[in-house]
Structure formats: C-alpha cells, structure tokens
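Fold and contact review
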Amino acid sequence: MRALILCWCLCCSGCAHVAQDSWTGRDKAEHYFSSALLAAAGSEISQHQHQTRDQNLRFGFLFSLSFGVGKELYDSRSAGSGWSWKDLSWDVAGAASGVALWNLSH
C-alpha cells in the first residue's frame, strides 16, 4: 500500500518535466554503480546496528533508493534535466545488485 501511495505521489505531484533520455549511456552506469555501492554501505551500516539479515538487506536497498529518488526529484525541477524513470530503473537494479553482493560476502 505504501508503494502505491509513493508511486501516486511521484506521478501526480506536478513534476516540472520528464527527461527524454535513452536506456543506455554513461549516466546509467553511474546510477547503477553508485546505487550498488550505497546499498552495500547501507547494509553494512545496518549490520553494525545489530539488525537481522533481512533488516540489513531492506535498509541497504531503501537507503540506496532514497538517494536515487532524491536525485530524480532534484532533476524534475524546472531548471533540471527532468524526472527519468530510466535512471530510477538503473538505481533499483544497482541497489538490488549491491545488497545481493553484500549478502554473498557475509
């Protein structure tokens, strides 16, 4: 239910504009790798707080994704490059990879 509300808010919040970008490019690799790094770091932070493995993975994923969504909100302002669902998709893929690799390393 929370995810549905978040999607509704993002889609109907009156973002200034949407980016007309491609699925590939240098910025997509940057989104992917930075999200993977943030997710692994978030999982490690959660582990140091003595959380369970599931909580570590969830925290790492959401920690990383919060930066991706924040970046897209920043880009969606009128002077920005525009909201990009493609960038956010790469952020999700990177965050999932980051928590998966962190989980395999422990």
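In this text, all values refer to a predicted model and were calculated from it rather than measured experimentally.

**Structural notes on the side chain of Ser76**
With respect to the helices and strands, the residue Ser76 is situated in the loop between α3 (53–75) and α4 (85–105). A distance of 2.7 Å separates the side chain of Ser76 from the backbone oxygen of Leu73, its partner in a polar contact.

**A few points about the pattern of salt bridges**
Within the structure shown, the criterion is met by five salt bridges. Where Asp75 meets Lys71, a salt bridge forms, and the shortest distance between an N and an O atom there is 2.6 Å. Placement of both Asp75 and Lys71 in helix α3 is noted, with a separation of four residues, approximately one turn of the helix. Exposure remark for Asp75: the relative accessible area of 6% places this residue in the buried category. The structure contains a network of salt bridges with shared partners spanning Asp21, Asp27, Lys28 and Asp87.

**A look at the layout of surface pockets**
Its volume calculated, the largest pocket comes out at about 210 Å³. Mapped onto the lining of the largest pocket, the elements with two or more residues apiece are α2 (26–48), α3 and α4. The element contributing the most residues to the lining of the largest pocket is α2, with six residues.

Calculation rules
- Residues numbered from 1 in each chain as written.
- Predicted model: local features only at pLDDT ≥ 70, side-chain atom pairs only at ≥ 80, totals over all residues.
- Heavy atoms only, no water.
- Helix = DSSP H or I, 4+ residues; strand = E, 2+ residues; numbered from the N terminus.
- Polar contact = N/O pair within 3.5 Å; in protein donor to acceptor, adjacent residues only side chain to side chain.
- Salt bridge = Lys/Arg side-chain N within 4 Å of Asp/Glu carboxyl O.
- Buried < 20%, exposed > 50% of the residue type's maximum accessible area, 1.4 Å probe, protein only.
- 1 Å grid on protein atoms, 1.4 Å probe; cavity = no way out; pocket = protein on both sides within 12 Å on 5 of 7 lines; lining within 4 Å.
- Points joined across faces, edges and corners; volume = space filled by probe spheres on them.

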